[in-house]
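Summary of structural features
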Amino acid sequence: MIRVTESGMTFGPFEEQDLFRVEASPFVRRMNGIKACEFVYWNAQAGRLLFLEAKSSIPNPRKSPDEYRIYLVDILEKFDNSLQLLVAGVLRRTDELAGELGKGIAQTAWSRAAILFYLVIPDVPDEFLLGLTDTLRGIMSRQRTLWRADIFVINKRLARKKGLLAAPAK
Amino acid sequence: MIEQFNIHNSGPISQVEGRQLGKLNLFIGKNGCGKTWLLKMLYVVMRSQEEFGRGQDHRDFHDVLGDKLYWTFQSQHLGDLVRRGKGNRLEVSAGMDDATELIFGFGPDTNKQVKPSHNTLPLRQDNSIFLPPKEVLSLWHVILKSAVQNREFGYDATYADLVLALQNPPQAGRNYDSFAKSRKQLEAMFQGRVLFEDQQWLYRQGNSRFSIHSTAEGIKKIAILDTLLGNRFLTPGSVIFIDEPESALHPTAIVELLDILHMLAEQGMQIFMATHSYYVVKKMLLIAHRNQLPIPCFIANDEGIWQQSCLMRDGLPDNDIINESVRLFEQEFEGI
């Protein structure tokens, strides 16, 4: 079982064979500068393919509008690249990438999988989540339509509620 | 401008105390918590001051106040306005920015006479207005006949006063700068203007004229404010009470309207709004932050006790408008 610690949160535990740690992938690291999300997790039982990116904060759109725009485009790139990397690996376009995929995630049921992109920002107040989600959905409209994917911006509370966060150490 | 008020045991309101009121003020809360009631009570205070001693009206102040309460709340016995409860007595006090004050109260046995226990309010030339959620342009003659000619209950004084105010003819000459700017923006929102011609309201767009009955509800609503600015019924000293500014308006129009109201508030008008709208609440929060404007926000609990906070300093109070949007988001998230 694997736990992934990012932006002050520990996700998991996940079965190793169901997890693709995109950002930490040796293949991705060798591709200088390619942006990727933290991990992709295939939950075969629920039929969910989850792309997750964790960020400790988000720029204030009023005080730093340019930073905010760049931040969102960055998230889009990370998710889009990660989707392409996973597909390239599953389809064995690159042996090295295919070799990094565990048995579970390599057998993702693409036709029926619910494809989900989660941006987790631990301390965003609940009342801002809907607006941020709508904004990111607008930016990722191509991915939503092509892949029939859905996108959510959530905080630590909702991530925990969804069972994505490891129980705090006792 | 109203600077502070206290209202106790009035209809659904058990207790509300407003301090350091702003040019923009917000009332939020569930249906039936008394938002409209509160707006109306403050309207009664303002209009009583404004109608007293005007022209050849020789009524005493207490008669003006009693009449205004009677026709605004449309209750056969004013005592019915007292909140139910043993020994309860309705108490209202309102203090203005010139340190003048009105205090009155009555018990459940009161029929029509209300004598203020304290009144230092001076005569007032400015006009205040109450904008109800529904437009009045298409029903103006029905409202006039029912409320003014036949003196029947149905359309209360807020409607009748508005219909009469709208019939003031447009004034030529230079308007206040920000009023002129506001009117331009209002007219850009509905791409036209409304006119009162030959005893009927018309909507004019370019050279075309349309019956007011075939004009969109939102357009009529915006047109009402435009008309009151154009005929100079409203002046920088006016107080505007707006019940549900969001009704019949697209979210974009709501946001634009609030920008215009903020502009009018900067010119001097005082505005009280009661709302259920996520957009109104969010936009008011933005206006408060962007302009470093302390906007008082009032919210009622289930016992009819209201709390005041400041949007700029305290952010939004815990409220069902935002909470419901969070709940819906969570339901959507949970459903995946």
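Residues numbered from 1 in each chain as written. Chains lettered and ligands numbered in written order. Predicted model: local features only at pLDDT ≥ 70, side-chain atom pairs only at ≥ 80, totals over all residues. Heavy atoms only, no water.

**Side note on the overall build of chain A**
We count it as follows: For the purposes of this entry, the term helix denotes a DSSP run of H or I that reaches at least four residues, the term strand denotes a run of E that reaches at least two, and both are numbered from the N terminus. For a compact globule the rule gives 2.2 Å times the number of residues to the power 0.38, and the radius of gyration it is set against comes from C-alpha atoms. Exposed residues in this analysis have more than 50% of their type's maximum accessible area, buried residues have under 20%, and partly exposed residues fall in between, with area computed by a 1.4 Å probe over protein chains only. Contact between two residues is taken to exist if any of their heavy atoms lie within 4.5 Å; hydrogens are not considered. Using the Shrake-Rupley algorithm and a 1.4 Å probe, accessible areas are obtained, with residue cover drawn only from the displayed protein chains. Charged-residue counts in this description rest on Lys and Arg as positive and Asp and Glu as negative, His and the chain ends being excluded. Where a charge lies is defined by one atom per residue type: Lys uses NZ, Arg uses CZ, Asp uses CG and Glu uses CD.
Summing up its helical and strand segments, chain A has seven helices and seven strands in all. Put simply, chain A runs from its N terminus to its C terminus through helices and strands in the order β-β-β-α-β-β-α-α-α-β-α-α-β-α. Since a compact globule built from 170 residues should have a radius of gyration of about 15 Å, the 16 Å found for chain A is in line with a globular shape. Taking the principal axes of the C-alpha coordinates as reference, chain A spans close to 45 × 40 × 30 Å. The proportion of buried residues among the 170 residues of chain A is 49%. Within chain A, counting contacts between residues at least 6 apart in sequence, those at least 24 apart form 63% of the total. Of the roughly 8600 Å² of accessible surface on chain A, a fraction of 49% belongs to carbon and sulfur atoms. Positive and negative side-chain charges of chain A, numbering 25 and 20 respectively, have mean locations separated by a distance of 4 Å.

**Notes on the sheet that holds strand β5 (residues 101-106) of chain B**
Residues and elements named next belong to chain B. Quick reminder of the rule: A pair of strands is labelled paired if DSSP reports no fewer than 2 bridges between them. Between N-to-C directions, angles cover 0 to 180 degrees, with each direction set by a line fitted to C-alpha atoms, over the stretch in contact for helices.
Here we have five strands laid out as an open sheet, ordered β2-β1-β4-β5-β6, and antiparallel in their pairing. Edge positions in the sheet fall to β2 (13-18) and β6 (118-119), since each has one partner strand and no second. Direction of pairing for strand β1 (residues 2-10) relative to strand β4 (residues 90-96): antiparallel, over a ladder of six bridges. Following the sheet pairing, isoleucine 7 is matched in β4 by valine 92. Relative to the sheet, helix α1 (residues 35-51) contacts β1, β2, β4 and β5, its axis offset from that of β1 by approximately 120 degrees.

**A closer look at the domain arrangement of chain B**
All names here are of chain B. Quick note on the threshold: Delimitation of the domains relies on an automatic or database domain assignment. The term polar contact refers here to a pair of N or O atoms within 3.5 Å; inside protein, the definition further demands a hydrogen-donor-capable atom paired with an acceptor-capable atom, and it admits residues adjacent in sequence only when both atoms are side-chain atoms.
Partitioning chain B into structural domains gives domain 1 (4-127 + 234-334) and domain 2 (141-233). Computed from C-alpha coordinates alone, the two centres of domain 1 and domain 2 are separated by 23 Å. Listed per partner, the contact involves 32 residues of domain 1 and 26 residues of domain 2. Run the count over domain 1 and domain 2 and you get 11 residue pairs in polar contact (both at pLDDT 80 or more). Contributions of two or more residues to the side of domain 1 that touches domain 2 are made by α1, α2 (61-73), β11 (239-243) and α7 (251-267).

**A short note on the interface of chain A and chain B**
The figure often quoted for interface size is the accessible area lost as the parts come together. Operational definition: Buried area: the sum, over both parts, of the accessible surface (1.4 Å probe) that disappears when the two are put together. Only one rule defines a salt bridge in this text: a Lys or Arg side-chain nitrogen within 4 Å of an Asp or Glu carboxyl oxygen. Residue type decides the class: Asp, Glu, Lys and Arg count as charged, Ala, Val, Leu, Ile, Met, Phe, Trp, Tyr, Cys and Pro as nonpolar, and the leftover types, Gly among them, as polar.
Listed as interface residues are 19 residues of chain A and, on the opposing side, 14 residues of chain B. Of the roughly 1500 Å² buried where chain A meets chain B, counting both sides, 62% is carbon and sulfur surface. Linking chain A with chain B are four salt bridges. Where Glu330(B) meets Lys161(A), a salt bridge forms, and the shortest distance between an N and an O atom there is 3.0 Å. Remark: the boundary between chain A and chain B carries four residue pairs in polar contact (both at pLDDT 80 or more). Those elements that place two or more of their residues in the side of chain A that touches chain B are β6 (114-120), α5 (126-139), β7 (150-154) and α7 (156-161) of chain A. No other element matches the seven residues that α5(A) contributes to the side of chain A that touches chain B. Looking at the side of chain A that touches chain B residue by residue, the classes come out as nine nonpolar, one polar and nine charged.

**Describing the packing of α1(B) against α2(B)**
Residue and element names in this part refer to chain B. The following threshold applies: The handedness criterion is simple: a crossing whose near helix is rotated anticlockwise from the far helix by less than a right angle is left-handed, and one whose near helix is rotated clockwise is right-handed.
Orientation of α1 relative to α2, taken along the N-to-C sense of each, is 145 degrees, at an axis distance of 9 Å. The two elements α1 and α2 meet at a crossing, and its hand is right-handed. Residues Trp37, Lys40, Met41, Tyr43, Val44, Arg47, Ser48, Gln49 and Glu51 of α1 lie in contact with α2, whose contacting residues are Phe61, Val64, Leu65, Lys68, Leu69, Thr72 and Phe73. Along the lines of polarity and charge, the residues of the contact of α1 with α2 split into nine nonpolar, three polar and four charged.

**Focus: the state of the cysteines**
Put plainly, two cysteines are in a disulfide when a covalent bond ties their sulfur atoms together. To keep it simple, the criterion reads: A pair of cysteine sulfur atoms is labelled a disulfide when the two atoms are within 2.5 Å.
Summed over the entire model, instances satisfying the criterion amount to zero disulfides over all chains. Between Cys310(B), a cysteine without a disulfide, and Cys297(B), which holds the nearest cysteine sulfur, the sulfur-to-sulfur distance is 9.3 Å.

**Points about the packing of aromatic side chains**
What counts here: What counts as a ring pair is set by centres within 6.5 Å for rings of Phe, Tyr and Trp (its six-membered ring), and what kind of pair is set by the plane angle: stacked under 30 degrees, edge-to-face over 60, tilted for all other angles. Whether a charge sits over a ring depends on NZ of Lys or CZ of Arg being within 6 Å of the ring centre and within 35 degrees of the ring normal.
Under the defined criterion, the tally for this structure stands at 29 aromatic pairs over all chains. Summarising the aromatic geometry, the rings of Tyr278(B) and Tyr279(B) are spaced 5.8 Å apart at their centres and angled 90 degrees between planes, so their arrangement reads as edge-to-face. Of note, Lys162(A) hangs over the ring of Phe333(B), and the distance from its end group to the ring centre comes to 4.9 Å.

**Describing the pattern of salt bridges**
All chains considered together, the criterion is met by 36 salt bridges over all chains. Ionic pairing is found between Arg69(A) and Asp66(A), a salt bridge with its closest N-O pair at 2.5 Å. Here the residue Arg69(A) and the residue Asp66(A) both occupy positions in helix α2 (residues 65-90), the gap between them amounting to three residues, near one helical turn. The salt bridge involving Glu17(B) is made with Arg19(B); its shortest N-O contact spans 3.9 Å. Of the residues examined, Glu17(B) reaches a relative accessible area of 34% and is grouped as partly exposed. Several salt bridges converge on common partners, so that one network encompasses Arg47(B), Glu50(B), Glu51(B), Lys68(B), Arg124(B) and Asp161(B).

**What about the confidence of the model for chain B?**
What counts here: A score between 0 and 100, pLDDT records how confident the predictor is in each residue.
Per-residue confidence for chain B gives a mean pLDDT of 93; residues scoring 70 or more make up 100%. Interface confidence for the predicted complex, expressed as ipTM, amounts to 0.77; the pTM equals 0.83.

**Regarding the pairing of strand β8 (residues 193-197) of chain B**
All names here are of chain B. Sheet topology note: the β8/strand β9 (residues 200-205) ladder contains five bridges and is antiparallel. Within β9, the position partnered with phenylalanine 196 by the bridge is tryptophan 201. What sits between the antiparallel neighbours β8 and β9 is a turn of two residues, in which aspartate 198 has the positive phi angle 50 degrees.

**Notes on α2(A)**
We count it as follows: Each helix should span, by expectation, one fewer than its residue count multiplied by 1.5 Å.
Between its first and last C-alpha atoms α2(A) spans 38 Å; for 26 residues at 1.5 Å apiece the expected length is 38 Å, and the two agree. Phi for Arg92(A), located one or two positions after α2(A), is positive at around 60 degrees.

**So, the side chain of Lys162(A)**
Among the structural elements, Lys162(A) can be located in the segment after α7. Buried and unpaired, Lys162(A) has Glu334(B) as its nearest opposite-charge partner, separated by 5.0 Å. A polar contact is formed between the side chain of Lys162(A) and the backbone oxygen of Phe333(B), at a distance of 3.1 Å.

**Thoughts on the pairing of strand β12 (residues 270-275) of chain B**
All names here are of chain B. For β12, a buried count of six out of six residues is recorded, marking the element as mostly surrounded by other parts of the structure. With burial as the criterion, each face of β12 is covered, one bearing Gln270, Phe272 and Ala274 and the other bearing Ile271, Met273 and Thr275. The sheet contact formed by strand β3 (residues 24-28) and β12 spans five bridges and is parallel. Counterpart to isoleucine 28 in the pairing with β12 is threonine 275. Two strands pair when backbone bridges link them, and β11 and β12 are joined in this way by five bridges, in the parallel orientation. Residue aspartate 243 lies in a different strand from β12, and its bridge partner there is alanine 274.

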